[in-house]
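Examination of the molecular architecture
Residues per chain, in single letters:
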Amino acid sequence: MFYQASLRENSPVIRAKALRAVSSIVEADPEVLGDKRVQSAVEGRFCDSAISVREAALELVGRHIASHPDVGLKYIEKVAERIKDTGVSVRKRAIKIIRDLCASNPNADTSHAFVEIISRVNDEESSVQDLVCKTFYELWFDEPSGSHKHLVADGSSVPMEIATKTEQIVDMLRKMPNHQPLITIIKRSLTLEFLPQSSKAAGINSSMMTSLRKRCELICRRLLERILQVEEGADNETKIHTLPYVLVLQAFCIVDPTLCTPVTDPSQFVVTLQPYLKNKVDSKSTAQLLESIIFVIDAVIPLIRKPPQTVVEELEQDLKQMIVRHSFLTVVHACIKCLSALSNAAGRGPRLLEYLVNLFYKHLSGPNSDGQVLGRSLFCLGLLLRYGYKLLAASENQLDFPKILELLKRRYLRRDDFSLKVRAMQALGYILIAKPDFMLQKDILNLIEASLSSDVDYRLKIQGLQNLYEYLRDAESQLTADSTGKPTVPYATNGGSEVPVAAGAGDTNICGGIIQLYWNSILERSLDMNDQVRHAALKIVEIVLRQGLVHPITCVPHLIALETDPVEGNSKLAHHLLMNMNEKYPSFFESRLGDGLQMSFRFFETIVSNHNVVATNMKSNPIAFVKPGISRIYRLIRANRNSRNKFVHSIVRKFISDSRSYPTIGFLVYCVEVLASLPFTSPDEPLYLVYDINRVIQIRAGAIEANLKNWTSMDQQQDVVGQQDIVGQQDVVGQQYMVDNVMHEPGGYPDQNLADSPQKMLNNSCSTSDVDMAKLQEDCHDAIAMQLLLKLKRHLKMVYSLTDARCQAFSLKDPPKPGEAISKQNIPLNINNTNISLPSCLQDVALVYQDFKTLLREDSMDYVLYTSATVQKKRLTPRSSSKVRRPVAVTRGRRGRGGRGGGDDDDDTDDDDWTGGPRVLEFGAQAVTGGRVTRQRVQV
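Residues numbered from 1 in each chain as written. Predicted model: local features only at pLDDT ≥ 70, side-chain atom pairs only at ≥ 80, totals over all residues. Heavy atoms only, no water.

If you check an unreviewed UniProt entry, the protein chain appears there as Sister chromatid cohesion protein from Aegilops tauschii subsp. strangulata. Here is the UniProt Sequence similarities (unreviewed entry) comment for the protein chain, exactly as written: "Belongs to the SCC2/Nipped-B family." Heading Subcellular location (unreviewed entry) of the UniProt record for the protein chain holds this comment: "Nucleus". (UniProt positions renumbered as here; feature names shortened; annotations may be inferred.)

This is the structure in structure tokens:
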């Protein structure tokens, strides 16, 4: 009972020690783990908030799995849940526990746990990926010790041990959404990628590789046997279907088709699977079965030197019938690809391909108005030209490509029927894969650019991007085949020059040139309002960066913006690409961080303004969706002090406007939110941010304050002149106002009774010109920017308990103290009461001036004084009625803009009376330098 109470302690250290103490009891009697109370307590710690406690709980169970597997089976479901834990060490420990449990109890039903393990094959942590692959390698592909020569009792030539492993793979696949993770496992197992570098450097035993391939061939043979048994009804297990076996066979064939071409009978798999193409059932599962079988045949046919002619003829007829009649286009696609490979490998020539091209061309050029027939004809014609181009081009009947393209452009790409328009765009994409040089022509360039413009339907954008993506994939696959030295089966030609596969798909020069033509449009679509369009564009960016077709620095801002994408899949892919880029080109990455932040703001505004795609919770707190992405970017560079300081400085610089650009106030508010949300882990980080803010304030605040003061003085002069004009015109006795009554406090507005005259600014000779008004707004913009920085600085000092003394002591020359703890309070950033509207007239400057002066006074307070006075914050306004600042009317001559602020410092005389905190800044004794006032001291 004492230990159970300790497991509920607040301190994670105590909870972890309690679990280790329980472990000593379990050492003496492992059956204790089977007790329901103990099991409930231990499983509760599997979900503990502390990683160390969760790992200790798993360690407690894992230590006794091998010796007491029956006890381990009671915990397996909860252990499997920890495979998706946020802690890397916890995920790895959970995987090892299940692996040890399977090794000690091979007959246990652990398929559910296997599904959880294989889901981490693409884990963000490479060590977890290697552990997953190693687990399945040892489970399925490693040669077991001892003799296992017992064959299956059903007359198979496959050992019983291989048959058992095959059924394990199939059972697991039944519970998986797709077979892609299985493909990754097979691929990495056949190449032994998961082995440590030391083992690879020492060399891999050739006998080990031979044994591995032999086991994979036996698994494929057993899968073929099971397909026959299930279909022929030789198996009494009526609930078992063919599809899972075919899917596993397809997975092996995708990785290495030679596994399905046994030396003794290379055509065995084709001959066995061909009769299944006659299945006439029209259902989704049957379509998936046909597609997988056709894929295996398509992959194996080129590897057979002399396929049986009877089988070839039957295949041609079956494929032809499905191309013309099958209702599932995925099956039609697989049939056209397989028919092209068959026509080439069997030496049959382009006869059948030409027949089908002419058939679908007649449908499209004739008077047929059936949309379904026309859509199917466009789809099939495009695929026939893509996969059969080489054979068709070498034929005696030369293919007229320009004629087909003209038909698509004239008749279908300009139609009102949108479904046919998209289908025609898809057909055009297939043709351009075969003839990529067409993409350099002006009319095709205009068509593709039009499909990628911002104002077209999202479905057309997706299709245009999909065309480019498939072209790049085709080019990459050809380059991969060339680099690995795999021989490409030559096409039979009847004279003429040899055309490269996919007409230059492997030519990086033409590939890079094409992508650079459309690169700007692709990047624009990566920030589209539609999430599917963004994902399609992002996939192109991924493959372009992988092939090195453009300079990586061009897409850094867009990837930074996509880090804040509300769609998790898009933000994860963008982060993965940025992480790779930061490892390879850190200087490129860091140099574009500022631009990326600005682009992320524009993307943020676009997404928030699109009410059709924004979730309700995002509308209520939109900035919350930006913070995780920016935090991930900061974590990439946080380990390097110079890099993170550059990142922070690039954002702070946005608050300093120059003559060329003025960032919007909304963007500056966004920057403040971003800086406040950065995940600082050491005191050095917020201290540098405060230090950088102080440098900006030191340079800018004094000049801005003086400029605003001059504007308010000009406003006061206009009030005096306006009052005299009104009195002179109305000649009202008793309405003579003293100058002091007309003047107002810098934070207030003129008397509204005096401002009622609509002609006041028009008739007043002191009214500002258009150029002056632009300058006025510029000064107020700078003042609001400084206000935001001052509020951010105050927020940082409060959240991280930074005193003035500590901020003053910070120096970039001092190295950061390793292991120094940082204290953080959960205080939200509050800038809601900041007036961020630029003035529309001269009178509005007074409010900006008052807010700016107030924040400068608050900035003179230390953290401790400010937090203790938070409750009495309202006292900032009334200090005393006798000390309310009332500037006197300016009677002496004013300087022009070049001498603004010189010598007129009456407005600062009351600063000596302020006792809210230690005064560090002095705004008196301001020096004039080129018409601008400079600050004399640094404010912390």
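1. Digging into the overall build of the protein chain
Looking only at helices and strands, the protein chain features 40 helices and 2 strands. The 940 residues of the protein chain split such that 51% are buried. Contacts in the protein chain between residues at least 24 apart in sequence constitute 75% of all its contacts with a sequence separation of at least 6. Surface accessibility of the protein chain: about 44,400 Å² in total, with carbon and sulfur atoms responsible for 51%. (Helix = DSSP H or I, 4+ residues; strand = E, 2+ residues; numbered from the N terminus. Buried < 20%, exposed > 50% of the residue type's maximum accessible area, 1.4 Å probe, protein only. Contact = heavy atoms within 4.5 Å. Areas by Shrake-Rupley, 256 points an atom, 1.4 Å probe, with all protein chains shown as cover.)

2. A look at the state of the cysteines
Across all of its chains, the model carries 0 disulfides by this definition. There is no disulfide at C335, and the cysteine sulfur nearest it, in C338, is 7.3 Å away. (Disulfide = S-S within 2.5 Å.)

3. So, the nonpolar core
In this structure, F136, F141 and F252 are the most contacted members of the largest nonpolar core, which totals 259 residues. Broken down by element, the residue count for this core peaks at 13 residues, all from helix α37 (residues 770-799). The contacts of F136, once residues within four sequence positions are left out, are F114, I117, I118, F141, M172 and I185. (Core = buried A, V, L, I, M, F, W, Y, C linked by side-chain atoms within 4.5 Å.)

4. A look at the packing of aromatic side chains
For the structure on display, the rule yields 17 aromatic pairs. A centroid spacing of 6.5 Å and a plane angle of 65° characterise the contact between F46 and Y75, whose relative ring orientation is edge-to-face. Linking F46 in helix α3 (residues 36-46) with Y75 in helix α5 (residues 69-81), this pair joins segments that are 29 residues apart in sequence. Overall, the relative accessible area of 1% leaves F46 in the buried class. (Phe/Tyr/Trp six-rings, centres within 6.5 Å; stacked < 30°, edge-to-face > 60°.)

5. Some words on the pattern of salt bridges
Two side chains that carry opposite charge are able to pair once their charged atoms sit near each other. The tally for this structure, following the rule as stated, stands at 48 salt bridges. Among the ionic pairs, D528 bridges to K461, the shortest N-O distance being 2.8 Å. Placement of D528 in the loop between α24 (508-525) and α25 (531-547) and of K461 in helix α23 (residues 458-484) is noted, with a sequence separation of 67 residues between them. In this structure, D528 and K461 share a single accessibility class: buried. A salt bridge links R632 to E563, with the shortest nitrogen-to-oxygen separation between them at 3.0 Å. On the criterion of sequence distance, the pair formed by R632 in helix α31 (residues 627-637) and E563 in the loop between α26 (556-562) and α27 (568-584) is long-range, its members being 69 residues apart. Salt bridges sharing common partners tie together R91, R120, D123 and E124. (Salt bridge = Lys/Arg side-chain N within 4 Å of Asp/Glu carboxyl O.)

6. Some thoughts on α3
For α3, every residue scored as buried is listed here: V38, Q39, V42, E43, R45 and F46. The arc that holds the buried residues of α3, viewed along the axis, is 155°, so those residues lie on one side. Those residues of α3 that are exposed and angled more than 90 degrees off the buried face are K36, R37 and S40. (Arc of directions from axis to C-beta.)

7. Remarks on the packing of helix α17 (residues 329-345) against helix α19 (residues 371-393)
The contact between α17 and α19 brings their axes to 9 Å, and the two run at 25°. Considered as vectors, α17 and α19 are oriented roughly parallel to each other. Of the two elements, α17 crosses α19, and the hand of that crossing is right-handed. Contacts between α17 and α19 pair L329, V332, H333, I336, K337, S340, S343 and N344 from the former with R376, F379, C380, L383, L384, Y387, G388 and L391 from the latter. (Axes fitted to C-alpha atoms, helices over the stretch in contact; angles between N-to-C directions. Parallel < 35°, antiparallel > 145°, perpendicular 65-115°, else oblique. Left-handed = near helix turned anticlockwise from the far one by under 90°.)

8. Section: unusual backbone geometry
Look at L192: it is not a glycine, yet its phi comes out positive at around 55°. Summarising the element assignment, L192 is placed in the loop between α10 (180-191) and α11 (197-202). The exposure class of L192 is buried, given its relative accessible area of 0%. The backbone of S801 shows a phi angle near 55°, a positive value even though the residue is not glycine.

9. A word on the environment of L847
Structurally, the position occupied by L847 is in helix α39 (residues 845-859). On the basis of relative accessibility, which here comes to 23%, the residue L847 falls in the partly exposed class. As a C-alpha pair, L847 and N835 span 12 residues in sequence and 8.6 Å in three-dimensional space.

10. Describing the side chain of D528
A residue is classified by how much of its surface remains accessible, and D528, at 7% relative accessible area, is buried. A polar side-chain atom of D528 sits 2.8 Å from a polar atom in the side chain of K461. Setting aside its immediate chain neighbours within four residues, D528 contacts K461, V533, R534, F603 and I607. (Polar contact = N/O pair within 3.5 Å; in protein donor to acceptor, adjacent residues only side chain to side chain.)

11. Considerations on the side chain of R638
Its location among the elements puts R638 in the loop between α31 and α32 (641-652). Residues within four places of R638 in sequence aside, it is in contact with R644, P679, T681 and E685.

12. Focus on the confidence of the model for the protein chain
Taken over all residues, the pLDDT of the protein chain has a mean of 79, while the share at 70 or more is 78%. Across residues 870-940, where pLDDT falls below 50, the model places 134 contacts with residues more than four positions away in sequence or in other chains. (pLDDT = per-residue confidence, 0-100.)

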